[in-house]
Amino acid sequence: MLGLIVTAAALVGGFAVSRDFVRRRLRFVDAVKRPSAPLIAGIAAAAVALPVALLPIVTVGTAVALGVGVAGGVASGRNAPPPNPP
């Protein structure tokens, strides 16, 4: 049960953080508008998280969920309007 919670947190956290980062920092970068940008970001996030999969609670599925969350966040963030200035 704890592993499922960690996997869900990785999915939602990866989505939220990457969407916010793309909306705030990468809104003027042309490379993020390419169709392959979410795929590349998701694969990179999963590859970085794979060594952590050696821990007992974190599995390969958690690393894949993080990659899917990051890819979804990048795709969502590049299509979203920029946030309102403070």
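Nothing here was measured: the structure is a model prediction, and the numbers come from that model.

(A) Layout of the packing of helix α1 (residues 2-25) against helix α3 (residues 60-79). Axis separation between α1 and α3 bottoms out at 7 Å; the angle between their running directions is 30 degrees. Considering the angle they form, α1 stands roughly parallel to α3. For the pair α1 and α3, the sense of crossing is right-handed. For the contact of α1 with α3, the class distribution of residues is 10 nonpolar, 10 polar and 3 charged.

(B) Just the pattern of salt bridges, in detail. If you walk through the whole model with that rule in mind, you get 1 salt bridge. The partner of Asp20 in a salt bridge is Arg24, and the shortest N-O contact between them spans 3.0 Å. Here Arg24 and Asp20 lie together in helix α1, a separation of 4 residues that amounts to about one turn.

(C) Broad picture of the packing of helix α2 (residues 37-49) against α3. Two elements in contact, α2 and α3, have axes whose closest approach is 7 Å; the angle formed by their N-to-C orientations is 150 degrees. Here α3 runs roughly antiparallel to α2, going by the angle between their axes. The hand of the α2/α3 crossing is right-handed. Seen from α2, the contacting residues are Ala37, Pro38, Ala41, Gly42, Ala45, Ala46 and Ala49; seen from α3, they are Ala63, Leu66, Gly67, Val70, Ala71, Val74, Ala75 and Arg78. A per-class count over the contact of α2 with α3 returns 12 nonpolar, 2 polar and 1 charged.

Rules of the game
- Residues numbered from 1 in each chain as written.
- Predicted model: local features only at pLDDT ≥ 70, side-chain atom pairs only at ≥ 80, totals over all residues.
- Heavy atoms only, no water.
- Axes fitted to C-alpha atoms, helices over the stretch in contact; angles between N-to-C directions.
- Helix = DSSP H or I, 4+ residues; strand = E, 2+ residues; numbered from the N terminus.
- Parallel < 35°, antiparallel > 145°, perpendicular 65-115°, else oblique.
- Left-handed = near helix turned anticlockwise from the far one by under 90°.
- Nonpolar A, V, L, I, M, F, W, Y, C, P; charged D, E, K, R; others polar.
- Salt bridge = Lys/Arg side-chain N within 4 Å of Asp/Glu carboxyl O.
- Contact = heavy atoms within 4.5 Å.

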